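# Residue-level structural notes
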Amino acid sequence: TKLFIDYNGGSTKYIHRIKKVKKILWCHTSISHMNEGKIKRYGKKLFRYDLVVAICEEMGNELLRNYPYLKNKIKTIYNFVDLEKILLKVGNDIVKNRKLLKDDYCVSIGRIVETKDYITTIKAFQILKEKGIYKKLYIVGDGPDIENLKQYIKKINMEDQIILLGMQENPYIWLKNADFFIHSSKIEGFPMVLLEAMACEKIIISSICKTGVKEILDLGVGEGFRIGDYKELAILIEKVLKMPKEEKESKYISNIKKNINKFS
């Protein structure tokens, strides 16, 4: 059987022209950000495929609620991580800014764009600083909003605490040496970076954005907060910071080790 696999949704406009092959679409993003008209039009496009793959259960359920007529076409296949590759990179000690690796820090990783909402994370660190709790945050990534983020950090006088590392060839070594991982995104498809954090045995503190985050956190690998709620995030960071190592191991790390192979 010949297959046409549309892995990024780039073929939805002309998929009706493709004949005599089985057509599969991979969905990578929640439709929750679409308006009613766009959701309706998107459903008509999905109907033209023989199979629609959702990359997490929440996304699959979201599609079914909006398009019940696609019931027999929707299948969930989780995105996965290459654990062997990550472990190899974690063991690679060739890295710039080696001195920073020895600091006591937590880390965020992703494109520097508005939807990743790094401002919420930074505001949480402001609250902690005002309470006399000092912890460094490294942000790994680049993007169109990086200059705005730099200016914001400078404006609030936190340049010594919030470090923008830019793009890193090996982000996993920064994950492995971090205390824990923070994710404050407003919307996702299925956030691979959370799986990468698990692969590096890091506790996750994440916004419960659509889609897939709740499925990961329900495994007992971290804590979740409402999108944009920097006060709640500050409480969770303080909670994890003050938690004894043995409690972290029993409450989170053991679950991370037990569940990461589900996504291998």
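Throughout what follows, the structure given in this document is the object of discussion.

Rules used throughout
- Residues numbered from 1 in each chain as written.
- Predicted model: local features only at pLDDT ≥ 70, side-chain atom pairs only at ≥ 80, totals over all residues.
- Heavy atoms only, no water.
- Salt bridge = Lys/Arg side-chain N within 4 Å of Asp/Glu carboxyl O.
- Buried < 20%, exposed > 50% of the residue type's maximum accessible area, 1.4 Å probe, protein only.
- Axes fitted to C-alpha atoms, helices over the stretch in contact; angles between N-to-C directions.
- Helix = DSSP H or I, 4+ residues; strand = E, 2+ residues; numbered from the N terminus.
- Parallel < 35°, antiparallel > 145°, perpendicular 65-115°, else oblique.
- Left-handed = near helix turned anticlockwise from the far one by under 90°.
- Contact = heavy atoms within 4.5 Å.
- Nonpolar A, V, L, I, M, F, W, Y, C, P; charged D, E, K, R; others polar.
- Phe/Tyr/Trp six-rings, centres within 6.5 Å; stacked < 30°, edge-to-face > 60°.
- Lys NZ or Arg CZ within 6 Å of the ring centre and 35° of its normal.

This structure, assessed with the given rule, holds 16 salt bridges. For K214, the salt bridge identified is with D218, shortest N-O distance 3.0 Å. Overall, D218 belongs to the exposed group, its relative accessible area being 54%. In this structure, E238 and K242 form a salt bridge, with 2.6 Å as the shortest nitrogen-oxygen distance.

With their axes 11 Å apart at the nearest point, helix α5 (residues 118-130) and helix α6 (residues 146-155) run at an angle of 15° to one another. In terms of orientation, α5 and α6 fall into the roughly parallel class. In the packing of α5 onto α6, the handedness of the crossing is right-handed. Between α5 and α6, the residues in contact are Y118, I119, I122, K123 and Q126 and L149, Y152 and I153, respectively. Of the residues contributing to the contact of α5 with α6, the split by class is six nonpolar, one polar and one charged.

Relative to the elements of secondary structure, I162 occurs in strand β7 (residues 162-166). Between the C-alpha atoms of I162 and G143, which are 19 residues apart in sequence, the distance is 17 Å. With sequence-adjacent residues up to four places away left out, I162 is seen in contact with I122, F125, L137, I139 and I153.

So, about the packing of aromatic side chains. For any pair of aromatic rings, geometry is given as the distance between the ring centres together with the angle between the planes. Per the stated rule, a full pass over the model turns up nine aromatic pairs. Between the aromatic rings of Y105 and Y138, the centroid separation amounts to 4.1 Å while the plane-to-plane angle is 20°, which identifies the pairing as stacked. Placement of the pair is Y105 in strand β5 (residues 105-109) and Y138 in strand β6 (residues 136-140), with a sequence separation of 33 residues. The same class applies to Y105 and to Y138, which are both buried. A connected cluster of aromatic rings, assembled from ring pairs, spans F47, Y67 and Y69. Directly above the aromatic system of F47 lies the positively charged group of K73, at a separation of 4.2 Å from the ring centroid.

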